[in-house]
Amino acid sequence: MLRSITFVAVVVVGLATAACERPTEEECTRICWKAGELAFWQQTEDKLAKEDDPAKKQVIREEAEAKWAEVKNKAMNPELTRCLLTCQKKGRPKQVKCIDAAKTYADIQKCMEM
């Protein structure tokens, strides 16, 4: 599961720069979840790209959907908590806007380089 939540490392590192304005708790929650979801589904797409059998691809998709639902419904999520705290302390508004507009995990990574 740690690998499936790699977004935290990217968001934490990317948001670790100083700024005068800080994102709100709501903004941080939104972008941490979005980054996590895009990272998770990128990993799933990478697995699917390596598989030729349509039946096995379907199993991978179903397992990923179940796993993501589990992550979203987990009461305690240390990776998310770490992301939220870092975002609120060190995040920048332009990163929030960038992540809000992101469509892929690669887009998220570019946002973190800002």
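The structure displayed is predicted, hence computed values, not measured ones. Residue indices follow the written sequence of each chain, beginning from 1 at its first position. Residues qualify for local features only when their pLDDT is at least 70, as the model is predicted, and side-chain atom pairs are given and counted only at 80 or more; totals for whole chains, interfaces and linings, by contrast, use all residues. To obtain the side-chain values, all non-hydrogen atoms of the structure were used and water was disregarded.

*Asks:* Is there a simple way to think about the overall build of the protein in this case?
*Replies:* For the protein, the count of helices and strands is six helices and zero strands. Runs of H or I in DSSP of at least four residues are treated as helices and runs of E of at least two as strands, each being numbered from the N terminus. Traced from its N-terminal end to its C-terminal end, the protein shows the element sequence α-α-α-α-α-α. Summary of the burial criterion: residues with accessible area below 20% of their type's maximum are buried, those above 50% are exposed, and those between are partly exposed, where the area comes from a 1.4 Å probe applied to protein chains only. Looking at the protein as a whole, 36% of its 114 residues qualify as buried. In what follows, a contact means two residues having at least one pair of non-hydrogen atoms within 4.5 Å. Counting contacts in the protein only where the partners sit at least 6 residues apart, residues at least 24 apart contribute 82% of the total. Counting every atom, the protein has about 7,000 Å² of accessible surface; 55% of that belongs to carbon and sulfur. In this description, accessible areas are obtained by the Shrake-Rupley approach with a 1.4 Å probe, and a residue is regarded as covered only by the protein chains that are shown.

*Asks:* I keep staring at the environment of Val59 and nothing clicks. Help me out?
*Replies:* Inspection of the secondary structure assignment puts Val59 in helix H3 (residues 54-73). Once the C-alpha coordinates of Val59 and Leu48 are considered, the two residues, 11 residues apart in sequence, prove to be 9.9 Å apart.

*Asks:* Is there a simple way to think about the pattern of salt bridges in this case?
*Replies:* Two side chains of opposite charge can pair, provided their charged atoms sit close to one another. What makes a salt bridge here is a side-chain nitrogen of Lys or Arg within 4 Å of a carboxyl oxygen of Asp or Glu, nothing more. By the definition in use, this model includes one salt bridge. Ionic pairing is found between Asp100 and Arg30, a salt bridge with its closest N-O pair at 2.8 Å. Remark: Arg30 occurs in helix H2 (residues 25-49) and Asp100 occurs in helix H5 (residues 93-101); sequence separation between them is 70 residues. On the accessibility criterion, Asp100 (31% relative accessible area) is partly exposed. Judged by relative accessible area, Arg30 falls into the partly exposed class, the value being 34%.

*Asks:* When you look at the packing of H5 against helix H6 (residues 105-112) in this model, what are you seeing that I'm missing?
*Replies:* Packed helices, taken two at a time, are described by the angle their axes make and the gap between the axes. In this analysis an axis means a line fitted to C-alpha atoms, helices contributing only their contacting stretch, and an angle means the value between N-to-C directions, from 0 to 180 degrees. In the contact formed by H5 and H6, the axes pass within 9 Å of each other and the chain directions differ by 170 degrees. As summarised for this structure, H5 and H6 are arranged roughly antiparallel, according to the angle between their axes. Contacts between H5 and H6 involve Gln95, Cys98 and Ile99 from the first element and Ile108, Cys111 and Met112 from the second. All residues other than Ala, Val, Leu, Ile, Met, Phe, Trp, Tyr, Cys, Pro, Asp, Glu, Lys and Arg, Gly among them, are scored as polar; the first ten of these are nonpolar and the last four charged. Looking at side-chain class alone, the contact of H5 with H6 contains five nonpolar, one polar and no charged residues. Orientation categories follow fixed angle ranges, with anything under 35 degrees roughly parallel, anything over 145 roughly antiparallel, 65 to 115 roughly perpendicular, and all other angles oblique.

*Asks:* What should I look at first to understand H3 in this one?
*Replies:* It helps to recall that an α-helix has 3.6 residues per turn; residues three or four apart then point in one direction. With 20 residues, H3 extends 29 Å from end C-alpha to end C-alpha; this agrees with the ideal 28 Å at 1.5 Å per step. Listing the buried residues of H3 in full gives Ile60, Ala64, Trp68 and Val71. Seen along its axis, H3 keeps its buried residues to an arc of 65 degrees; they face one direction. Facing away from the buried side of H3, by more than 90 degrees, are the exposed residues Glu63, Glu70 and Asn73. Contacts from the buried residues of H3 go to H2. We call two N or O atoms a polar contact when they sit within 3.5 Å, provided that within protein one can donate a hydrogen and the other can accept it, with sequence-adjacent residues counted only if both atoms are side-chain atoms. If you check the start of H3, you find a side-chain oxygen 3.0 Å away from the backbone N of Ala55, and it comes from Asp53. One fewer than the residue count of a helix, multiplied by 1.5 Å, yields its expected span. By arc we mean the arc of the directions from the helix axis to the C-beta atoms, nothing more.

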